[in-house]
Amino acid sequence: MATGHVVIESLASLPHAQEVQDYLLNLAAAATGKKKPSPDLIPDLNRKSSVFVNAADINMVLDHIRTLYIDNGYRDPQDLENDLIRKLQPDMPDAAIAAADHYAADDMIPDQLTGYQQKTKVPLVMGLAALYEQTTGQPVSVMEIDYSNMRGTNEHFALLIGAAEGRSPESVMRDAMNMTDYISLIVAKTITNAVQNRIGNRADVAMIPLRTGGDEVRIVLPGLPANEARALLNDVHHQIEQVTARAGLHDHIHSKRPLDDRSNGFGACATIFELKANGHNDYSEAIKAADHDIQRTKAELGQARLNNPAFDALKPAGSLDPNRYTDPDIAADHYTHVMAAMGDLYQKHVDITIDTNAVPSLESLATQLQPDHFLTLKQIENSFYDHLLADMKDKGLTLTREQERLLSAKVTKFPSADFASGTLIARDFPAMAGAALRVIDDINARTGYDEPPITLGVSFHNLAGLNETLGHEVSNSVLHYQAHQIIGAALHKEGIADENFVLAHMGGGEFRALIQPVIPRDGETPYIITNQSMMNVYKNIQNGVQALNIIRIDDFVAMHGGHMDTSTLPAHFADIQNPRAELRGTENGVVATIFIAPFKHDEMPEQNAARRGGTITNFIGEGLFDAVQKRRDYTLSALPSPHNGIEPTGPQDKNRSLF
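Report follows, based on the coordinates. Computed from a predicted model, the values in this text were never measured in an experiment.

Focus: the overall build of the chain
Then, number 1: Tallying secondary structure elements over the chain gives 20 helices and 11 strands in all.
Then, number 2: In terms of C-alpha radius of gyration, the chain reaches 25 Å, essentially the compact-globule figure of 26 Å for 659 residues.
Then, number 3: With the C-alpha coordinates of the chain rotated into their principal frame, the extents come out at 75 × 65 × 55 Å.
Then, number 4: Looking at the chain as a whole, 54% of its 659 residues qualify as buried.
Then, number 5: Taking all contacts inside the chain whose residues are at least 6 apart in sequence as the whole, residues at least 24 apart take part in 73%.

What about the packing of helix H2 (residues 55-72) against helix H5 (residues 122-136)?
Then, number 1: Between H2 and H5, the shortest axis-to-axis distance is 10 Å and the interhelical angle comes to 70°. Judged by the angle between their axes, H2 and H5 are roughly perpendicular. Where H2 crosses over H5, the handedness of that crossing is right-handed. Along its contact with H2, which presents Leu62, Ile65, Arg66, Tyr69 and Ile70, the element H5 presents Leu128, Leu131, Tyr132, Gln134, Thr135 and Thr136.
Then, number 2: Split by residue class, the contact of H2 with H5 holds seven nonpolar, three polar and one charged.

Considerations on the sheet that holds strand E5 (residues 424-425)
Then, number 1: In space, the five strands of this open sheet follow the order E5-E7-E8-E6-E11, with mixed pairing throughout. At either end of the open sheet lies a strand with only one pairing partner, and these are E5 and strand E11 (591-598).
Then, number 2: Sheet analysis places strand E6 (residues 454-461) next to E11, joined by eight bridges and oriented antiparallel. By the bridge assignment for E11, Ser459 is matched with Thr593.
Then, number 3: Sitting on the sheet, helix H16 (residues 429-447) is in contact with E5, strand E7 (501-507) and strand E8 (510-515), with an inclination near 20° to E8.
Then, number 4: Helix H18 (residues 531-549) rests against E6, E8 and E11 of the sheet, and its axis sits at about 170° to E11.

Observations concerning the packing of helix H3 (residues 77-88) against helix H4 (residues 94-103)
Then, number 1: The N-to-C vectors of H3 and H4 enclose an angle of 145°; their axes lie 11 Å apart at closest approach. Relative to H4, the crossing made by H3 is right-handed. For the pair H3 and H4, the contacting residues are Gln78, Asn82, Ile85 and Arg86 in the first and Asp94, Ile97 and Asp101 in the second.
Then, number 2: A per-class count over the contact of H3 with H4 returns two nonpolar, two polar and three charged.

Digging into the nonpolar core
A general tendency of soluble globular proteins is for nonpolar side chains to be buried together.
Then, number 1: Within the largest apolar cluster, 91 residues are counted, with the highest numbers of intra-cluster contacts made by Leu24 and Leu407.
Then, number 2: Apart from residues no more than four positions distant in its own chain, Leu24 is found in contact with Leu11, Ile58, Val61, Leu62 and Ile65.

Re the packing of aromatic side chains
Then, number 1: With the rule as written, the count across this model stands at 10 aromatic pairs.
Then, number 2: Between Tyr69 and Tyr74 the ring centres are 6.1 Å apart and the planes differ by 10°, which places this aromatic pair in the stacked class.
Then, number 3: Given the relative accessible area of 2%, Tyr69 is considered buried.
Then, number 4: For Tyr74, a relative accessible area of 13% corresponds to the buried category.
Then, number 5: Seen in terms of ring centroids, Tyr147 and Phe266 are 5.8 Å apart; in terms of plane orientation they differ by 10°. Their pairing is stacked. With a gap of 119 residues between them, Tyr147 in strand E1 (residues 140-148) and Phe266 in the loop between helix H9 (233-246) and strand E4 (267-274) connect regions that are remote in the sequence.
Then, number 6: In this structure Tyr147 comes out as buried when scored by relative accessible area, which is 2%.
Then, number 7: Here the aromatic residues Tyr69, Tyr74 and Tyr132 are joined through ring pairs into a cluster of three or more.
Then, number 8: The lysine or arginine in question, Arg174, covers the ring of Phe625, its NZ or CZ lying 4.8 Å from the ring centre.
Then, number 9: If you follow Arg324 out to its NZ or CZ, it ends over the ring of Tyr325, 4.6 Å from the centre.

Some thoughts on helix H7 (residues 173-199)
Then, number 1: An ideal rise of 1.5 Å per residue puts 39 Å on 27 residues; H7 measures up with 39 Å between its terminal C-alpha atoms.
Then, number 2: One or two positions beyond H7, positive phi appears at Gly200, with a value near 60°.

Considerations on the pairing of strand E3 (residues 216-222)
Then, number 1: Burial analysis of E3 places seven of its seven residues in the buried class, which makes it a mostly covered element.
Then, number 2: Neither face of E3 is exposed, since Glu216, Arg218, Val220 and Pro222 on one face and Val217, Ile219 and Leu221 on the opposite face are all buried.
Then, number 3: Two strands pair when backbone bridges link them, and E1 and E3 are joined in this way by seven bridges, in the antiparallel orientation. Along E3, the bridge assignment pairs Val140 with Pro222.
Then, number 4: Here strand E2 (residues 208-211) folds back onto E3 in antiparallel fashion, the turn holding four residues.

Some thoughts on unusual backbone geometry
Negative phi characterises most residues that are not glycine, and trans characterises most peptide bonds.
Then, number 1: Not every positive phi belongs to a glycine, and Gln370 is a case in point at roughly 45°.
Then, number 2: When you line up the elements, Gln370 lands in the loop between helix H13 (362-369) and helix H14 (377-394).
Then, number 3: Even without being glycine, Asn462 reaches a positive phi, approximately 80°.
Then, number 4: In this structure, Asn462 sits in the loop between E6 and helix H17 (463-492).

With respect to the side chain of Asn578
Then, number 1: Take Asn578: it is sitting in the loop between helix H19 (553-559) and E11.
Then, number 2: A distance of 3.4 Å separates a polar side-chain atom of Asn578 from the backbone oxygen of Glu587.
Then, number 3: Once you skip the residues sitting within four places of it in the chain, Asn578 turns out to touch Asn462, Leu583, Arg584, Glu587 and Asn588.

Digging into the sheet that holds E4
Then, number 1: Across the sheet, four strands lie side by side as E2-E3-E1-E4; this open sheet has antiparallel pairing. Looking at strand neighbours, the two that pair on one side only are E2 and E4, the edges of this open sheet. The sheet shows a mean angle of 20° between the axes of neighbouring strands, direction not considered.
Then, number 2: Strand direction decides the pairing type here: E2 and E3, joined by four bridges, are antiparallel. Note that in E3 the partner of Ile208 across the bridge is Val220.
Then, number 3: Of the strands in this sheet, E1, E2 and E3 are in contact with H5, which crosses E3 at around 25°.

Thresholds, definitions, all that
Residues numbered from 1 in each chain as written. Predicted model: local features only at pLDDT ≥ 70, side-chain atom pairs only at ≥ 80, totals over all residues. Heavy atoms only, no water. Helix = DSSP H or I, 4+ residues; strand = E, 2+ residues; numbered from the N terminus. Rg over C-alpha atoms; globule rule 2.2 N^0.38 Å. Buried < 20%, exposed > 50% of the residue type's maximum accessible area, 1.4 Å probe, protein only. Contact = heavy atoms within 4.5 Å. Axes fitted to C-alpha atoms, helices over the stretch in contact; angles between N-to-C directions. Parallel < 35°, antiparallel > 145°, perpendicular 65-115°, else oblique. Left-handed = near helix turned anticlockwise from the far one by under 90°. Nonpolar A, V, L, I, M, F, W, Y, C, P; charged D, E, K, R; others polar. Pairing = 2+ DSSP bridges. Core = buried A, V, L, I, M, F, W, Y, C linked by side-chain atoms within 4.5 Å. Phe/Tyr/Trp six-rings, centres within 6.5 Å; stacked < 30°, edge-to-face > 60°. Lys NZ or Arg CZ within 6 Å of the ring centre and 35° of its normal. Expected span 1.5 Å × (residues − 1). Polar contact = N/O pair within 3.5 Å; in protein donor to acceptor, adjacent residues only side chain to side chain.

See below:
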């Protein structure tokens with residue numbers, strides 16, 4: 001996410017105005033046939049131009065959207081886009097729009113943890129919803145929701161599964177995290193079901209559920225006044241508490257507040273704020289106020305859980321047994337009851353259907369093009385567009401050039417960028433990695449080399465401290481900096497260009513990358529990425545982290561266009577405390593754990609690229625997870641100070657690491 005870019009006056013009052021403007025630039029380019037302006041031209045959008053999209057072109061599209069809102073009421077961004085296409089090209093065949101929607105289907109795949117729309121949808125949904133409120137005067141309420149104690153719930157399941165199976169909690173942590181994800185999905189669907197049951201089929205109210213962050217989700221309710229939205233909260237909280245009680249998740253300790261009984265267990269807490277087109281600062285303040293309200297309400301809900309016979313009656317057998325983490329028989333019996341309860345809850349609350357009618361695969365595109373580097377987003381966009389035109393021809397549809405251009409805006413949404421970091425979103429990494437593996441196979445075959453893919457995982461710690469100290473907007477700028485000025489720059493220094501690696505933000509402070517091991521060069525011997533090259537990448541990343549820690553926070557905020565009072569903030573990034581009590585002093589500031597390893601051919605199953613991409617995604621995740629665990633075990637036992645040059649920490653797995 002690039003902050004501080006200039007936006008035109010008609011958009012300045014919207015939250016996420018920059019992202020809305022970028023979206024409208026694409027539509028205006030498709031509608032007018034003009035070129036999108038390069039970044040250096042963005043500050044001068046008010047100029048007249050017959051070549052590049054300008055403010056007048058953006059306002060033309062914006063006026064059409066306002067008219068559609070007035071005439072048709074609120075529309076989800078995808079439906080609004082189709083309405084806009086019909087308005088701009090009234091003779092556009094519906095069959096052509098439906099075919100283009102097929103190519104945009106991957107962009108609508110729901111978030112796996114919640115079943116809600118992906119985090120990438122947040123800026124456009126929020127910005128356009130505020131535009132709807134501004135245009136029509138109709139209210140837009142937002143239900144902000146925060147999950148509680150996901151880390152503690154991971155630890156609870158790890159202790160329980162470990163005791164039941166006679167294994168260490170560390171060895172079953174992956175299974176434990178899957179259990180937390182499972183109940184998180186159930187709770188998310190419980191919330192939307194509760195809201196939908198209350199608003200019914202009202203034509204004047206819409207509901208857009210969004211995944212907004214690691215522990216945070218949001219439900220946007222255009223057309224619903226705030227007082228009516230607040231009336232939903234009691235029922236939402238009641239349904240959440242019923243579900244979490246039945247899953248036996250009211251009593252385990254909180255990882256950050258182990259002495260506060262009111263913080264025990266797992267659940268979610270919601271509050272309401274009104275969305276207005278009053279600018280991003282007002283929007284940020286509304287979210288901050290919502291966060292404070294959620295913390296207060298969490299304490300109230302936690303107090304209501306304590307010694308509550310109604311909840312105790314719902315809990316599976318063994319929930320209150322003090323020996324459930326130590327006695328194998330008690331643990332196994334309780335775990336069986338928990339699994340049965342969660343299975344029943346899933347059937348009652350979860351109904352997610354995913355359109356698996358796939359567009360042409362990235363693997364087939366890589367096979368067709370046989371490039372000397374990984375597929376670029378431009379290559380993918382052009383390919384999807386060419387396939388769309390071929391589909392039109394097969395269906396006997398003849399489109400004008402203007403109609404073709406408008407449809408092209410619909411087929412360029414996958415793969416998608418994560419607005420926080422400016423890299424790929426986690427959802428799209430397996431597909432891009434799978435296509436990259438196909439490119440690596442082809443290059444090895446053409447050049448006679450047999451080099452394995454190189455994997456990279458980086459976990460930047462203390463995102464919670466950054467969020468609490470700087471707020472989400474500036475923290476997103478930090479994520480962007482980490483992706484491009486630390487990871488990207490570290491790879492560039494070793495001659496690894498953007499088209500030679502695939503980088504994705506997996507959530508939180510975690511990034512994963514796949515690196516091309518053999519880079520062909522015209523008329524020269526291919527460039528081989530060696531162990532020493534990756535050692536240098538490792539050092540470059542750690543040096544980049546060290547450099548970030550000594551940056552003054554007020555300088556960083558000014559440089560990245562943030563708007564906040566820095567007078568009460570710590571002086572440098574290194575001074576930002578980690579809120580996790582057990583890590584304070586060892587992970588203050590920004591700290592990175594890095595995993596680098598080749599992916600051997602014998603570890604790669606013989607299956608299609610998408611499956612192979614998933615395999616390599618998991619390989620990086622597991623390697624990075626192990627590295628983080630070892631690093632923290634080593635840090636907590638051995639490191640006396642928070643910053644000692646940010647050197648490699650913890651023992652390395654010699655079988656997996658390059659060094």
